[in-house]
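Single-letter residue listing:
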Amino acid sequence: MSWARKILRVDLTKGTCTAEPLNMAWAMAYLGQRGLATKYFTEEVDPKVDPLSPANKLIYATGPLTGTMASTGGRYSVITKGPLTGAIACSNSGGYFGAELKFAGWDMIILEGKSPKPVFLHIENDKAELLDAADLWGKSTWDTEAYLKNRFQDPQVRVSGIGPAGETGCLYAAVVNDLHRAAGRSGVGTVMGSKNLKAIAVRGTKGVGNVKDPAAFMKATVAAKKVLADNAVTGQGLPKFGTQVLMNVINEIGALPTRNHRDVQFDGAKDISAEAMHAPRKTDGKPNLVTNQACFGCTIACGRISKIDETHFTVVNKPQYWGASGGLEYEAAWALGAANGVNDLEALTYANFRANEDGWDPISFGATVGAVMELYEMGVLKKEQLGIEAPFGSAQALAFFADQVGRGEGFGKEIALGSKRLTAKYGHPELSMTVKGQEFPAYDSRGIQGMGLAYATSNRGACHLRGYTVASEVLGIPVKTDPLVTDGKAGLVKAFQDATAVFDSSGLCLFTSFAWTLQDIAPQLQAACEGDWSLDNLNVVGERVWNMEKEFNLAAGLTKKDDDLPPRLKKEAARTGPAKGLVNGLDKMLPEYYQLRGWNADGVPTADTRKRLGTTALK
Amino acid sequence: MQKSLHIDPAKCTGCLQCEMACSYENHQVFNPAKSRIKVFDFHHSGRKVPYTCTQCDEAWCLHACPVEAIKLDAATGAKVVLDSVCVGCKVCTIACPFGTVNYVQDTGKVQKCDLCGGQPACAEACPTGAITYVDADWTGLERMRQWAQKLDNQPAAGHAD
């Protein structure tokens, strides 16, 4: 089995918590976590719902392998309609919270309605109740966790929730668990805050004791762990350098978006790279990086734990930021750094701490600050309204806005709305580097062509975690393709998107896919779960999940014109590096992609495709 | 040759594979709440520390037990709780200076590390070598080797020519 076979439905309006059996027929078709929660969500929520209204729902979902000895088996996802994008939102997190929820005996929590006053949800195994959160409202994620552990006199309680950003209407507020792991993107934390729900505190002591064939499962997980250990990326590169191993690589190939995508290479990349995190600082002789860290069950351990230089301007006289905490991952380092032209590693680390503490997405924030800096340099935004001079490269401005954005203070309140709304307000919508209203992550699609298609078609808006063709186009996983051409990328994007949907529905971390394919996951699922989890069926499940998300977006009112890139990437050629002279060739890839997906020329699934996958058009 | 669990906190990543392996070995469930080894997370320093019973020779728990439910496994040196004898009085949990004997609500008995009869599941599951099962007389061997290695490339004393 490995599903707990039980979901918790929380009606925040009425204040009730009710247990329901998991719909096993749906589990057989959608596996778990991202896929299964999307099925529930699309069945229960009107796609046209206002994301911040009580009629929207928020689902916390684990996968069947969450809470098992499968490597990285500790993931959970948060599914809702995103306020940043108006599209389906699904954000995935590690840490320990997901496994704890499963150990308490729950596959999912469906949160609906809106509480009349701030509350938090307390779960202790079968017992679930909503409790008053008046004392917690306004607190940071760090203080919230400390408060709840103290309140229940239990250091083993795990906490997931929002910081001030989720309360003040920041449209990219994150859900943060275990201090510095986050379901970070698309504003899932904003929806949580709109429901007056501050946090979920869970303690589970029941464990997972129902894998279908324990002996086969242990054998399969041991074999799969060996694959991770023997692989150069998951066995050596990620534990030592983290995802930051990419900074210099992506810069060299000319795909590091720089200064709001004006350029594709950043002269300060080396200063904010993994290598820089390892190097002793001039000031105190210590490196920024303290150690690596694993999430629950993970045998890769790519997480970064860092300490900020105590004499750095961002933390002088602020001892609360002198301890070790979640350090820079590649996407955050890019967004807080290259996207703004800032090469001050300590300032980036500080902004990252603030993102975790106040609960916002550093990618959308950093990219939006990039747009603000461009508008400042154009003379559209002035120091008087910003509260600070904000040219590209200003670490002071970065830290200044990082202090404001989650608290809804000063100009930070406008940055909190994301670059689409901000640039439109100031008359330059073309400067918003977004798809479906969500900011790009750290790969420029002029230098990695396939990513242009992956971004344009991503169901949750611009994202690297929905079809990471960087693996193939740059790293050669599973086979090397040329990043500068569009040929063959439609098929590549589709294959990555479908496989990713399976990883995200299983309870496992997508980063295993640097070493694993679905062929490594199939035996683990097959041993743990009833049902058909053969390679062939997993491919169909992944495609089904992708199409279900697409159906939601279509019914929500998104069309082909939302599967597009900003004009800068299609008209302004890369000025340096291997991609010099290139724009993204989305128009060459998109029609072929629709065709391979079995969608019509407008990007709508055909009747045959719906029949083959068992999906339907939504109303 | 007797062996001991040897813990090197600097290598621990906090993945909890050891806790799941322990609970699975002893309770057939993946459940850190039932593990006899615990990993402590000191997040302000970034340090993770796995901790479990060190199998004291003069074991406080064994001597404190009023019903002689804790016995020496002569082959491994482990102090083993006999479930059939334990009455759940918890005196051993008070006696143990390190806190590594703990009560289990479900069974009404105490539990502690028994070295899995000589094949500790935690050490087998640890992906980084933070928990190893080594010669009891030479738990310091690896650390000695690391320091010795620093001398490997040095010119021999007294032969500076």
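Note that the structure is a prediction, hence the values are computed from the model and not measured. (Residues numbered from 1 in each chain as written. Chains lettered and ligands numbered in written order. Predicted model: local features only at pLDDT ≥ 70, side-chain atom pairs only at ≥ 80, totals over all residues. Heavy atoms only, no water.)

Caption draft 1: Looking closely at the pattern of salt bridges. Residue and element names in this part refer to chain A. Summed over all chains, the structure comprises 54 salt bridges over all chains. A salt bridge links E530 to R5; its shortest N-O distance comes to 3.2 Å. A residue pair is termed long-range when its members are at least 10 positions apart, and E530 in the loop between α21 (518-528) and α22 (535-556) and R5 in the segment before β1 (6-11) qualify at 525 residues. Among the residues examined, E530 registers a relative accessible area of 29% and is labelled partly exposed. When its relative accessible area of 34% is taken as the criterion, R5 is described as partly exposed. (Salt bridge = Lys/Arg side-chain N within 4 Å of Asp/Glu carboxyl O. Helix = DSSP H or I, 4+ residues; strand = E, 2+ residues; numbered from the N terminus. Buried < 20%, exposed > 50% of the residue type's maximum accessible area, 1.4 Å probe, protein only.)

Caption draft 2: Up close: the packing of aromatic side chains. On inspection of all chains with the given rule, the structure shows 26 aromatic pairs over all chains. When the ring of Y60 of chain A is compared with that of F97 of chain A, the centres are 5.8 Å apart and the planes differ by 65°; the resulting orientation is edge-to-face. A residue pair is termed long-range when its members are at least 10 positions apart, and Y60 of chain A in strand β3 (residues 57-62) and F97 of chain A in helix α3 (residues 97-103) qualify at 37 residues. Residue classification places F97 of chain A among the buried positions, given a relative accessible area of 0%. When the ring of W60 of chain B is compared with that of F98 of chain B, the centres are 6.4 Å apart and the planes differ by 80°; the resulting orientation is edge-to-face. Here the residue W60 of chain B occupies a position in helix α2 (residues 60-64), and F98 of chain B occupies one in the loop between α3 (91-95) and β6 (102-104), the gap between them amounting to 38 residues. (Phe/Tyr/Trp six-rings, centres within 6.5 Å; stacked < 30°, edge-to-face > 60°.)

Caption draft 3: A nonpolar patch on the surface, seen in detail. On the surface, F40, F42, Y51, W60 and F98 of chain B cluster together to form a nonpolar patch covering roughly 540 Å² of accessible area. On the basis of relative accessible area, W60 of chain B is assigned to the partly exposed category, the value being 48%. (Patch = residues over 30% accessible without salt bridge, like charges linked within 9 Å, V, L, I, M, F, W, Y side chains within 5 Å. Areas by Shrake-Rupley, 256 points an atom, 1.4 Å probe, with all protein chains shown as cover.)

Caption draft 4: Local environment of the nonpolar core. I250, F365, F401, I415 and Y443 of chain A are the most contacted members of the largest nonpolar core, which has 176 residues in total. Counting 28 residues, the second-largest nonpolar core is a separate cluster that includes V10, A104, A183 and V191 of chain A. (Core = buried A, V, L, I, M, F, W, Y, C linked by side-chain atoms within 4.5 Å.)

Caption draft 5: Looking closely at the interface of chain A and chain B. The interface of chain A with chain B comprises 38 residues on the first partner and 23 residues on the second. In total, about 2,000 Å² of surface goes out of reach between chain A and chain B, with carbon and sulfur atoms giving 60% of it. The largest share of the area that chain A buries against chain B comes from M69, Y96 and A324 of chain A, three residues that together contribute 22% of it. For the interface between chain A and chain B, the tally reads 0 salt bridges. Our enumeration of links across chain A and chain B arrives at 12 residue pairs in polar contact (both at pLDDT 80 or more). (Contact = heavy atoms within 4.5 Å. Buried area = accessible area lost by both parts, 1.4 Å probe. Polar contact = N/O pair within 3.5 Å; in protein donor to acceptor, adjacent residues only side chain to side chain.)

Caption draft 6: A look at the pairing of β1 of chain A. Residue and element names in this part refer to chain A. Of all 6 residues that make up β1, 6 are buried, and the element is covered over most of its length. Along β1, one buried face is formed by K6, L8 and V10 and the opposite face, lined by I7, R9 and D11, is buried too. Strand direction decides the pairing type here: β1 and strand β2 (residues 16-21), joined by 6 bridges, are antiparallel. Within β2, the position partnered with D11 by the bridge is T16. Counted along the chain from β1 to the antiparallel partner β2, the turn is 4 residues long, and its residue G15 has a positive phi close to 80°. Direction of pairing for β1 relative to strand β6 (residues 108-112): parallel, over a ladder of 5 bridges. Note that in β6 the partner of D11 across the bridge is E112. (Pairing = 2+ DSSP bridges.)

Caption draft 7: Representation of the sheet that holds β6 of chain A within the structure. Residue and element names in this part refer to chain A. Taken together, 6 strands build an open sheet; the order of strands is β2-β1-β6-β3-β4-β5 and the sheet is mixed. Two strands lie at the open edges of the sheet, namely β2 and β5 (88-93), each paired on one side alone. When strand polarity is set aside, the average angle formed by the axes of neighbouring strands in this sheet is 15°. The strands that helix α2 (residues 33-44) touches are β1, β2, β3, β4 (76-81), β5 and β6; relative to β4, the one it contacts most, it runs at about 25°. (Axes fitted to C-alpha atoms, helices over the stretch in contact; angles between N-to-C directions.)

Caption draft 8: Region of the structure containing the domain arrangement of chain A. All names here are of chain A. For chain A, the assigned domains are domain 1 (6-203), domain 2 (257-435) and domain 3 (449-613). Centre-to-centre, using C-alpha coordinates, domain 2 lies 28 Å away from domain 3. On the side of domain 3, 19 residues touch domain 2, which itself brings 17 residues to the contact. Together domain 2 and domain 3 conceal approximately 1,300 Å² of surface at their shared face, both sides included; 61% is due to carbon and sulfur atoms. Considering only the surface of domain 2 that becomes buried against domain 3, V264, Q265 and V435 emerge as the three largest contributors, covering 38% of it. Note that D263 is salt-bridged to R575, the shortest N-O span being 3.1 Å. Inspection of the domain 2/domain 3 interface yields 6 residue pairs in polar contact (both at pLDDT 80 or more). Classifying every residue of the side of domain 2 that touches domain 3 by side-chain character gives 7 nonpolar, 5 polar and 5 charged. (Domains from an automatic or database assignment. Nonpolar A, V, L, I, M, F, W, Y, C, P; charged D, E, K, R; others polar.)

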